[in-house]
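Below, each chain spelled out in residue letters.
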Protein chains: 2
Amino acid sequence: MSMSEARYEGLRLEHQLCFPLYACSRMVIKKYRPFLDAINLTYTQYITMMVLWEEDCISVRDLGNRLFLDSGTLTPLLKSLEAKGFLRRYRSQEDERVLLVQLTEEGLALREAAADVPAQIAGCIALSPEEAQALYGILYKLLLGSDTTDE
Amino acid sequence: MSMSEARYEGLRLEHQLCFPLYACSRMVIKKYRPFLDAINLTYTQYITMMVLWEEDCISVRDLGNRLFLDSGTLTPLLKSLEAKGFLRRYRSQEDERVLLVQLTEEGLALREAAADVPAQIAGCIALSPEEAQALYGILYKLLLGSDTTDE
DNA sequence: TATAATTCAATTGTACTCAATCGATTGGAC
DNA sequence: GTCCAATCGATTGAGTACAATTGAATTATA
């Protein structure tokens, strides 16, 4: 191997960890589409609803902390979910800066329709329970490893 | 645990594999930004250049197969890289449907400036070599497992 | 208590992602 | 040789992501 080839070896696509991470993430999200289309949600809207089903009446800030998303992404997304009738947005009485999100009846009812999605997706993922567990552990270590979001 | 709680248990965000995958992918791409800003590339442009540094004169189709991206993403991205002077786009002589991409001098030279990026990123990733290897293996199994892109 | 710093969501602008469609080109069947 | 299906890239439109800025509200400070 020449000197220049050795220098560029690290730049080969198959030597990157970021690339399969990026490609897998998009692939898995794609697999959700047919199931989420059926309940009128996108993937990002789905994980947002997931947080709300666990913890209703949450601020945009706390929602963003759970999902690692900022208001630039969440504001239009929450407006869209509001337009679909799944939630209401209102300012906090105690602190007018804070915008709270609360599920509507329809938003709460959607949980029933969504309940089968995880099992349906599991059927599309070709991974053993051990591999899934290992993947989960490593991803969370990476995610919470150095810091919350970056650096 | 009530019956309804059990039914909704699978919908909890921390029980999903997709979410840390999605969040990690975005987090890692974010880490690239300062290094890629310095060489005037976005993350997607960077992995595209990576393929071109390995295999110059490639069709949009083959590029898409390597990156799991379609022309809807690649066409504007390649036009942007062309506008920056890193590559040229031209139709194949043999088949006018095929658009080939070829690096310019500047595009080739950029490889030298990019050569340090992988090592710089590695310093930001809090993962042992064993974990990185395990993650890599599982991600590629997931990626190539059932099919190339979806279903 | 004025004012300065901070917090919060919204906005703006750039850049993807992807489904769906289109139009041109090509290769195959007859 | 002429339709016919397939292939390829471009386009369109909706929906994120995210850096950077703005403006209102709140808190801390002098």
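Our subject is the structure that appears above.
What you see is a predicted model; the values in this text were computed from it and never measured.

(A) Layout of the packing of aromatic side chains. Taken as a whole and assessed by the stated rule, the structure comprises 14 aromatic pairs over all chains. Ring plane angle 75° and centroid distance 5.4 Å describe the contact between Tyr22(A) and Tyr43(B), whose orientation is recorded as edge-to-face. In this pair, Tyr22(A) is assigned in helix H2 (residues 18-37) and Tyr43(B) in helix H3 (residues 43-54), connecting two distinct chains. Positioned above the aromatic ring of Tyr22(B), the side-chain terminus of Arg26(B) is 4.4 Å from the ring centre.

(B) Structural context of the relation of the copies chain A and chain B. Between chain A and chain B, the superposition needs a rotation of 180° and an axial shift of 0.0 Å, giving an RMSD of 0.0 Å. Look at the turn and shift together and you get a two-fold axis relating the two. A share of 100% of the interface residues of chain A reappears at the interface of chain B, consistent with the copies meeting face to face through the same patch.

(C) Representation of helix H4 (residues 60-67) of chain B in the model. Those residues of H4(B) that fall on the buried side of the exposure criterion are Val60(B), Leu63(B), Gly64(B) and Leu67(B). Each buried residue of H4(B) lies within a common arc of 100° when the element is viewed along its axis, so the set occupies one face. Tucked into the core, H4(B) has its buried residues touching H2 of chain A together with H3, strand S1 (58-59), helix H5 (71-83) and strand S3 (99-103) of chain B. Once H4(B) finishes, Phe68(B) follows within two positions and takes phi at roughly 60°, a positive value.

(D) The arrangement of the sheet that holds strand S2 (residues 87-91) of chain A in detail. All names here are of chain A. The sheet built from 3 strands is open, its strands ordered S1-S3-S2 with antiparallel pairing. For this open sheet the edge positions go to strand S1 (58-59) and S2, each flanked by a neighbour on one side alone. In this sheet, strand S3 (residues 99-103) lies alongside S1 in antiparallel orientation, the contact comprising 2 bridges. Paired with Ile-58 across the two strands is Val-101, which belongs to S3.

Calculation notes
Every chain is numbered independently, its residues counted from 1 as its sequence is written. A letter from A marks each chain and a number from 1 marks each ligand, given out in the order of writing. At least 70 in pLDDT is required for a residue's local features to be given in this predicted model, at least 80 for side-chain atom pairs to be given and counted, and no such filter applies to totals for whole chains, interfaces and linings, which use all residues. Note: side-chain values were computed over all heavy atoms of the structure, leaving out hydrogens and water. Each Phe, Tyr or Trp ring, with Trp reduced to its six-membered ring, pairs with another whose centre is within 6.5 Å; inter-plane angles below 30 degrees give stacked pairs, above 60 give edge-to-face pairs, and intermediate values give tilted ones. Helix and strand assignments come from DSSP, with helices taken as H or I runs of at least 4 residues and strands as E runs of at least 2, each series counted from the N terminus. Geometrically, a charge over a ring is one whose NZ (Lys) or CZ (Arg) sits within 6 Å of the ring centre while staying within 35 degrees of the ring normal. Superposition of the copies was done by least squares, using only C-alpha atoms of residues whose pLDDT is at least 70 in both. Should any heavy atoms of two residues lie within 4.5 Å, those residues are counted as being in contact. Partly exposed describes any residue whose relative accessible area lies between the buried limit of under 20% and the exposed limit of over 50%, with all areas from a 1.4 Å probe on protein chains only and scaled to the type maximum. To be clear, the arc concerns the directions from the helix axis to the C-beta atoms. Any two strands are treated as partners once DSSP identifies two or more bridges connecting them.

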